[in-house]
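Descriptive structure summary
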Amino acid sequence: SVGGSAERQYLLETYNAKIFAVPRFLATCTGTDKKILAQDDVRLFRTEAEQHRAVVDLAGSKSTTVPVLIIMKNETLARTLNSMLVDRRGANKVQTLLKYDEDGNDLGEKVEDITDLVGKPTDETAGVKDWRITVTDYFGGRGIDYSLSDEQANADGGLMVIITSIPDSEREWVQWIGR
């Protein structure tokens, strides 16, 4: 399957192409029990501070069962929320994934190290895992692959993604919800 309706119409008219739907990969595998995920919750807040407090509470409670990725509108808000989470959860349980550090240096070479930690627990005491919370901006919402191979965390819903705003670009939105 290719593009949207305009692209398909062009291909049909110009090349007499045949259009067909390509199934998602997991739908072609036998023995898979792919869950259909639903958007569980949409909330609106009067203030940014109110939203941040709710996100910190939600991320903190969910990180006891699954890793959490929070996509913020921009780098400044990501740093603010990261600071709030570190105050609440501790520096070893929270990380940021940003393109640039505070001095404007490109963090590109550190991306793989950071994403490798997303799906790994920060603590495993008496068989109970505590998961990392990762805070990012648009950068971590696009084209970054997050790996989670823990069977229990996957059974509990997998990586929880909290999106704190809707981007102006539909393409950006598709990337974010694809996480």
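Heads up: the structure comes first, above all this text.
Residues numbered from 1 in each chain as written. Predicted model: local features only at pLDDT ≥ 70, side-chain atom pairs only at ≥ 80, totals over all residues. Heavy atoms only, no water.

Now for the overall build of the protein chain. A count of helical and extended segments in the protein chain gives seven helices and six strands. Traced from its N-terminal end to its C-terminal end, the protein chain shows the element sequence α-α-β-α-β-α-β-β-β-α-α-β-α. Out of the 179 residues belonging to the protein chain, those deemed buried represent 32%. Partitioning the intrachain contacts of the protein chain with sequence separation of at least 6 by distance along the chain shows that 65% fall at a separation of at least 24. Surface accessibility of the protein chain: about 11800 Å² in total, with carbon and sulfur atoms responsible for 49%. (Helix = DSSP H or I, 4+ residues; strand = E, 2+ residues; numbered from the N terminus. Buried < 20%, exposed > 50% of the residue type's maximum accessible area, 1.4 Å probe, protein only. Contact = heavy atoms within 4.5 Å. Areas by Shrake-Rupley, 256 points an atom, 1.4 Å probe, with all protein chains shown as cover.)

Tracing the chain through its elements places isoleucine 114 in helix H4 (residues 111–118). Put simply, isoleucine 114 and leucine 98 are 16 residues apart on the chain and 9.7 Å apart in space, counted from C-alpha to C-alpha. Residues within four places of isoleucine 114 in sequence aside, it is in contact with Gln95, Thr96 and Leu97.

Taking 1.5 Å per residue as the helical rise, helix H2 (residues 48–62) with its 15 residues ought to reach 21 Å, and the 21 Å between its terminal C-alpha atoms agrees with that figure. Taken together, the buried positions of H2 are occupied by Gln51, His52, Ala54, Val55, Val56, Ala59 and Gly60. Buried residues belonging to H2 abut strand S1 (68–71), helix H3 (75–89), strand S5 (133–136) and strand S6 (160–163). (Expected span 1.5 Å × (residues − 1).)

Counting 20 residues, the largest nonpolar core has Ile70, Leu81, Leu85 and Val135 as the members making the most contacts within it. With four residues, the single largest contributor to this core is H3. With residues up to four places along the chain from it excluded, the contact list for valine 135 reads Ile70, Met72, Ala78, Leu81, Asn82, Leu85, Val94, Gln95, Thr96 and Leu97. Formed by eleven residues, the second largest nonpolar core is a distinct cluster that contains Leu69, Val111, Phe139 and Trp176. (Core = buried A, V, L, I, M, F, W, Y, C linked by side-chain atoms within 4.5 Å.)

By the secondary structure assignment, serine 63 is in the loop between H2 and S1. With relative accessibility at 0%, the residue serine 63 sits in the buried group. In contact with serine 63, not counting residues within four places along its chain, are Val68, Arg89, Asp130, Trp131 and Ile133.

According to the stated counting rule, one finds seven salt bridges in the structure shown. The salt bridge involving arginine 79 is made with glutamate 75; its shortest N-O contact spans 3.0 Å. One end of the pair is arginine 79 and the other is glutamate 75, both in helix H3 and four residues apart, which spans about a single turn. Since its relative accessible area comes to 23%, arginine 79 is described here as partly exposed. Measuring nitrogen to oxygen at the nearest pair gives 3.0 Å for the salt bridge that ties aspartate 130 to arginine 89. You can see aspartate 130 sitting in strand S4 (residues 128–131) and its partner arginine 89 sitting in helix H3, a full 41 residues away along the chain. One network of salt bridges, with partners in common, ties together Glu75, Arg79 and Glu102. (Salt bridge = Lys/Arg side-chain N within 4 Å of Asp/Glu carboxyl O.)

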